[in-house]
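The chain contents come next:
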Amino acid sequence: MNKKLWTLLALLLAFMLVLGACNNEGDDSPKDNEGTEQGSEDGEDGEDGGEAVDTSQFPLTVENEGDAMDGGTLKVALVNDSPFQGIFSLVLYEDAYDADIMQFASNSIFATDGDFLLTDEGIASLEVDQENNKATVKIREGVKWSDGEPLKVEDLMQPYLIIGHKDYTGVRYDADFQNIVGAVEYHDGKADTISGLKKVDETTLEISFKKLSPAIFSGGDGLWSSAEPSHILKDIPVAGLLESDAVRKNIVTLGAFKFDKIVPGESVQFVKNENYWKGAPKLDAVLVKTVPSTSISVALQTGEYHMTANTFSTDKYLEIKDFDNLTILGRKELYYQYIGFKLGKYDMEKSEVVMDPNAKMGDVKLRQAMGYAIDVEQVSEVYYNNLRERATSLIPPVFASFYDDTLEGYTYDVDKANALLDEAGYKDVDGDGLRENKDGKPLEIKFATMSGGDIAEDIASFYLQNWKDVGLNVTLATGRTIEFNSFYDKVQADDPEIDIFMAAWGTGTNPSPSGLYSKTAQYNFSRYTSEKLEELLAAIDSPEAFDPEYRAGKFREWQEYMSENAPIIPTQYRLELRPVNKAVKNYDIDYSSNFDWNEVSLISEDPAKSSK
């Protein structure tokens, strides 16, 4: 390990001793076509943290030898240091853990290809009438819910009626959703239904939009990609849905498995859905149990689980890489971690972002300086075994047609950070090594970051020291790292104690940034907006964007604009690791495959144990 890395580790050790007295928890880390909050998944750092890893070594499929048994229970670990929320509805859930659980019982109606474009191979097909701003969704005949009720057009309409309702408290009533004709009028109580939804017959839904763009083919423009059981939900007031048994306990599904038993926050037992439209699964059941990040490596080694439900933390790769009972799959993830700066609040009555002209983080040079001050490469090398890389854009490289590979992003440059702060008027007036604000008064910046593993505090401490090195007094909001659910509650509520925060997005398969950064998006956690930003977001999803070159160009303009204005600074991209036990057959994570959970089988009921 080189001298610089030893210096970093020594520094972090010193801070661990200080912060350890406050808290010993751990950093960052849901999945249809939209963006979702990612939770903490950092764990212990290995002593060989600087070892380079050849990412091309990871396969995309499991090809274990042996005869498949009949039935059996797939044992799955949900790596989570907090209880899961247990909101099992695609219109209501907000975090990755619930999404990771729901994958076994998905109500998604569209399939996608390797470019994340909708195909006709799912439950429903899509026809787009660009000239008339209409889309037609056609259901396959014979598809049933897990309770035996036939899937019908009303089930496709139900999500729209929930999201658009005035009593809906979720985050999906945004600019995209308002693109549906009649959605705003319905939301404002001026109409009893959404006029843009038309039932053509029992299997056909016609949707009218104010405009259409290529985003429609990725499930954007307001098109919803899942169904909800109207025969159950239509009689439940929208205001009461979140706590209803239909969402929390007695969930009806279109997926390969159906919910059987839920221990809130701890585990979910699924059993096979005999009514599954692709045919009943080969497995009898799936058992998903919450496992702390500190225990997962040993649990996989000793054969307690067949696989994980969520991405395996790259910082723990060295702990499991030699286990001979596992195949470790890997792919580039639809994900980026970021530093966000609070620049305003969200007005719930107006459903829009309102910027604060006096926000503490309002000076763009201050934000840029904070980006240049942090050494992301060292964090990736020391803690993530080089299985993460410094992010340069808010579009992950997986979206090759839109990712701007010319952007350098915020490289580690202390001199540039100091120069920007000097130019902006943040100077050390009293000679204590810390800069005051422009008025010469003490400047303290409150930084919120998530707990969840063993190194979250270490990384937070390192960034705090990075900022101190350029004279900025940055301290932890609440005095410690924050539990996942509480963290997002505080960020979404614009808690005044938070000035900056470190979070992450699982972007979903639709690259359009409107749902995360538009003026109406509740997910716009930095609360930044401008006429130029709205103009670029509109252009990306405009009719003109059916021209691929035009759309790609607007994506590049948007990435450059966000990099320059820095309301959000991306920090890391992530390689998604999936350790799979040798007792599992027919599992695949290739984005271009047609993998489905009904295909998975087991060689043995008990997962294999490692001999190492």
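Higher on the page you've got the structure.
Note that the coordinates shown come from a computational prediction; the quantities given were computed from them, not determined experimentally.

Procedures and definitions
- Positions within a chain are numbered from 1, following the residues in the order the chain's sequence is written.
- pLDDT decides what is reported in this predicted model: residues at 70 or higher carry local features, side-chain atom pairs at 80 or more are listed and counted, and totals for whole chains, interfaces and linings draw on all residues regardless.
- Computation of side-chain values covers all heavy atoms of the structure but excludes hydrogens and water.
- Each helix corresponds to a stretch of at least 4 residues labelled H or I by DSSP, and each strand to a stretch of at least 2 residues labelled E; elements are numbered beginning at the N terminus.
- Based on C-alpha atoms, the radius of gyration is set beside the globule rule, defined as 2.2 Å times the residue count to the power 0.38.
- Exposure categories follow from relative accessible area, calculated using a 1.4 Å probe and restricted to protein chains: below 20% of the type maximum is buried, above 50% is exposed, and the middle band is partly exposed.
- Strands were regarded as paired on the criterion that DSSP finds at least two bridges between them.
- Any Lys or Arg side-chain nitrogen found within 4 Å of a carboxyl oxygen on Asp or Glu counts as a salt bridge.
- Interaxial angles span 0 to 180 degrees and are taken between N-to-C directions of axes, which are lines fitted to C-alpha atoms, for helices over the stretch in contact.
- Contact criterion: two residues are considered in contact whenever any of their non-hydrogen atoms come within 4.5 Å of each other.
- Only centres within 6.5 Å qualify two rings of Phe, Tyr or Trp (six-membered ring in Trp) as a pair; their planes then separate them into stacked at under 30 degrees, edge-to-face at over 60, and tilted for everything else.
- This arc is built from the directions going out from the helix axis to the C-beta atoms.
- Counted as a polar contact is a pair of N or O atoms within 3.5 Å, where, for protein atoms, one must be capable of donating a hydrogen and the other of accepting one, and residues adjacent in sequence contribute only when both atoms are in side chains.

Asker: Talk me through the overall build of the protein chain; I want residue IDs and the actual numbers.
Answerer: The helix and strand tally for the protein chain stands at 16 helices and 23 strands. Over its C-alpha trace the protein chain gives a radius of gyration of 24 Å, about what one expects of a compact globule, namely 25 Å for 612 residues. Expressed as a percentage of its 612 residues, the buried residues of the protein chain come to 59%.

Asker: Pulling in residues and values, what's your account of the pairing of strand β5 (residues 124-129)?
Answerer: Both β5 and strand β6 (residues 134-139) contribute to a ladder of 6 bridges, which runs antiparallel. The residue bridging Asp129 from the neighbouring strand is Lys134, located in β6. Here β5 folds back onto β6, and the loop between the two strands holds 4 residues, one of which, Asn133, carries a positive phi near 55 degrees.

Asker: How would you explain the pattern of salt bridges if you had to name every residue and give the values?
Answerer: Under the criterion given, the structure shown has 28 salt bridges. Notably, a salt bridge pairs Glu149 with Lys152, separated by 3.9 Å at the nearest N-O pair. Salt-bridge contacts for Asp155 lead to Lys152; the nearest nitrogen and oxygen are separated by 3.9 Å. By relative accessible area, Asp155 is classed as buried at 0%. By sharing partners, the salt bridges in this structure join Glu149, Lys152 and Asp155 into a single network.

Asker: Describe in detail the sheet that holds strand β8 (residues 204-208), supporting the description with residues and values.
Answerer: One open sheet accounts for 4 strands, arranged β5-β6-β8-β7; its pairing is antiparallel. The two strands at the open ends of the sheet, each matched to only one other strand, are β5 and β7 (197-201). If you compare each strand with its neighbour and ignore which way they point, the axes differ by 20 degrees on average. The strands touched by helix α3 (residues 153-163) are β6, β7 and β8; relative to β8, the strand with the most contacts, the crossing angle is about 30 degrees.

Asker: Give me the lowdown on the environment of Lys258, citing residues and values where you can.
Answerer: Mapping Lys258 onto the fold places it in strand β9 (residues 257-263). Distance in space between the C-alpha atoms of Lys258 and Gln269 is 8.6 Å, their sequence separation being 11 residues. Once residues within four sequence positions are removed from consideration, Lys258 is found in contact with Ser146, Thr253, Gln269, Phe270, Val271, Lys272 and Asn273.

Asker: An account of the packing of aromatic side chains is requested, with residue identities and associated values reported.
Answerer: Applying the stated rule across the entire model yields 32 aromatic pairs. Where Phe259 meets Phe270, the ring centres are 4.7 Å apart and the plane angle is 50 degrees; that geometry is what we call tilted. Residue Phe259 is located in strand β9, and its partner Phe270 is located in strand β10 (residues 267-272); the two are separated by 11 residues in the primary sequence. A residue is classified by how much of its surface remains accessible, and Phe259, at 11% relative accessible area, is buried. Between Tyr463 and Trp467, the ring centres sit 6.1 Å apart and the planes meet at 40 degrees, which makes this aromatic pair tilted. Here Trp467 and Tyr463 lie together in helix α12 (residues 456-469), a separation of 4 residues that amounts to about one turn. The burial state of Tyr463 is the same as that of Trp467; both residues are buried.

Asker: Break down helix α11 (residues 414-424) for me, citing the residues and quoting the values.
Answerer: All of the buried residues in α11 are Ala417, Leu420, Leu421 and Ala424. Seen from one end, α11 has its buried residues packed into an arc of 95 degrees, which puts them on one side. Opposite the buried face of α11, by more than 90 degrees, sit the exposed residues Asp415 and Glu423. Against α9 (364-373) lie the buried residues of α11. Two or three places before Asp415, at the start of α11, stands the capping residue Asp413, its side-chain oxygen 3.3 Å from that residue's backbone nitrogen. Once α11 ends, the next one or two residues include Gly425, with phi positive near 95 degrees.

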